[in-house]
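Here is what each chain is made of, one letter per residue.
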Amino acid sequence: MKKLFAIMVALFLMIIVSACGDEAAENEQKDGQETAATEVKPDDDDQADGPHEPGADDVCAFCNMKVYPEADPMGVFTAQAKTKDGEYVFFDDSGCLLNITRRDDVEFEEKWVRDYITSEWVEADSATPVKADLKTPMKYGYAFFKDNESAEKFISENSDKNPAMATWAQIDQIANERYMKKMKMNSDSMDKDSEMDGESEESGH
């Protein structure tokens, strides 16, 4: 009888030890899964290196005007760039993206524009520009496409907008002309202010 009792106790202890072992193994597996999940998290942050969406308070880094979000019809003309320091800046029109480097000592690591059809971000250097009778925020009138095929399709289907293939060099030329004109106007305005200040001083004597 004592032998039978001893066997039963031994079996009972074995079951308990076995159950504890299974639970420990299960917990170990869970810990492993949690660690794996934690390690995967940085992959989600990889998107932080790509193009961003403008926030409600973002304005054009060049002209300080409103930057339109994707949901707005004008949002398709929004551009953005990433500086060497990792800062993301937005522009309401393509000409502003080009003119900021004329005014400020800034270098960009990457630049993006939106595809006119899908509103997806496209690397600026690989996008195909089209000049058309389009109302853009700063009246440059350029739309961008992810490839030549979609640009050509837009041209063939929108003859009423007088569309034509363009180049970044053409946009840059227009942007430069506008920038120089603005600089001259500012300079003339400053000269006039100086003259008026001079006249005021003379009349004060």
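Keep in mind that what you see is a predicted model, and the values were worked out from it rather than measured.

## Description of the pairing of strand β2 (residues 88–91)
Right, on to step 1. The side-chain alternation of β2 yields two buried faces, one formed by Tyr 88 and Phe 90 and the other by Val 89 and Phe 91.
Right, on to step 2. Direction of pairing for strand β1 (residues 79–83) relative to β2: antiparallel, over a ladder of 4 bridges. The residue bridging Gln 80 from the neighbouring strand is Phe 90, located in β2.
Right, on to step 3. Joining the antiparallel neighbours β1 and β2 is a turn of 4 residues, in which Gly 86 adopts a positive phi near 85°.

## Section: the side chain of Asp 93
Right, on to step 1. You can see Asp 93 is positioned in the loop between β2 and α2 (94–103).
Right, on to step 2. Polar contacts involving the side chain of Asp 93 include one to the side chain of Thr 136, which spans 2.7 Å.
Right, on to step 3. Ignoring sequence-local partners within four residues, the contact set of Asp 93 consists of Phe 77, Thr 136, Pro 137, Met 138, Lys 139 and Tyr 140.

## What about the pairing of strand β3 (residues 108–114)?
Right, on to step 1. With 5 bridges joining them, β1 and β3 adopt antiparallel strand pairing. Residue Lys 82 lies in a different strand from β3, and its bridge partner there is Glu 110.
Right, on to step 2. Of the strand pairs in this sheet, β3 and strand β4 (residues 121–123) are connected by 3 bridges, and their pairing is antiparallel. Within the sheet, the bridge partner assigned to Val 113 lies in β4 and is Val 122.
Right, on to step 3. Between β3 and the antiparallel strand that follows it, β4, lie 6 residues; Ser 119 among them carries a positive phi value of about 70°.

## Observations concerning the sheet that holds β1
Right, on to step 1. Spatial strand order, β2-β1-β3-β4: 4 strands in an open sheet with antiparallel pairing. A strand with exactly one partner marks an edge of an open sheet, and here the two such strands are β2 and β4. Mean inter-strand twist for the sheet, computed between neighbouring axes without regard to direction, equals 30°.

## Some thoughts on unusual backbone geometry
Right, on to step 1. Within the chain, Asn 64 stands out as a residue other than glycine whose phi angle is a positive 70°.
Right, on to step 2. Notably, Asn 162 is not glycine yet its phi reads approximately 50°, a positive angle.
Right, on to step 3. Mapped onto the secondary structure, Asn 162 falls in the loop between α3 (148–157) and β7 (164–165).
Right, on to step 4. On the basis of relative accessibility, which here comes to 53%, the residue Asn 162 falls in the exposed class.

## Comments concerning the packing of aromatic side chains
Right, on to step 1. The full count for this structure, using the stated rule, is 8 aromatic pairs.
Right, on to step 2. A centroid spacing of 6.2 Å and a plane angle of 15° characterise the contact between Tyr 88 and Trp 112, whose relative ring orientation is stacked. Here Tyr 88 is found in strand β2, whereas its partner Trp 112 is found in strand β3, with 24 residues between them in sequence.
Right, on to step 3. Tyr 88 sits in the buried class, given a relative accessible area of 17%.
Right, on to step 4. Exposure remark for Trp 112: the relative accessible area of 4% places this residue in the buried category.
Right, on to step 5. Centre to centre, the rings of Tyr 116 and Phe 154 are 5.3 Å apart; their planes meet at 70°, and the pair counts as edge-to-face.

## Considerations on the environment of Thr 167
Right, on to step 1. Along the chain, the position of Thr 167 falls in the loop between β7 and α4 (168–204).
Right, on to step 2. Accessibility expressed as a relative area gives 36% for Thr 167, which makes it partly exposed.

## A look at the pattern of salt bridges
Right, on to step 1. Per the stated rule, a full pass over the model turns up 5 salt bridges.
Right, on to step 2. In this structure, the salt-bridge partner of Glu 109 is Lys 82, at a minimum N-O distance of 3.6 Å. Linking Glu 109 in strand β3 with Lys 82 in strand β1, this pair joins segments that are 27 residues apart in sequence.
Right, on to step 3. Accessibility expressed as a relative area gives 11% for Lys 82, which makes it buried.
Right, on to step 4. Linking Asp 104 and Arg 103 is a salt bridge whose minimum nitrogen-to-oxygen distance equals 2.9 Å.
Right, on to step 5. Overall, Asp 104 belongs to the partly exposed group, its relative accessible area being 29%.

Conventions we followed
Residues numbered from 1 in each chain as written. Predicted model: local features only at pLDDT ≥ 70, side-chain atom pairs only at ≥ 80, totals over all residues. Heavy atoms only, no water. Buried < 20%, exposed > 50% of the residue type's maximum accessible area, 1.4 Å probe, protein only. Helix = DSSP H or I, 4+ residues; strand = E, 2+ residues; numbered from the N terminus. Pairing = 2+ DSSP bridges. Polar contact = N/O pair within 3.5 Å; in protein donor to acceptor, adjacent residues only side chain to side chain. Contact = heavy atoms within 4.5 Å. Axes fitted to C-alpha atoms, helices over the stretch in contact; angles between N-to-C directions. Phe/Tyr/Trp six-rings, centres within 6.5 Å; stacked < 30°, edge-to-face > 60°. Salt bridge = Lys/Arg side-chain N within 4 Å of Asp/Glu carboxyl O.

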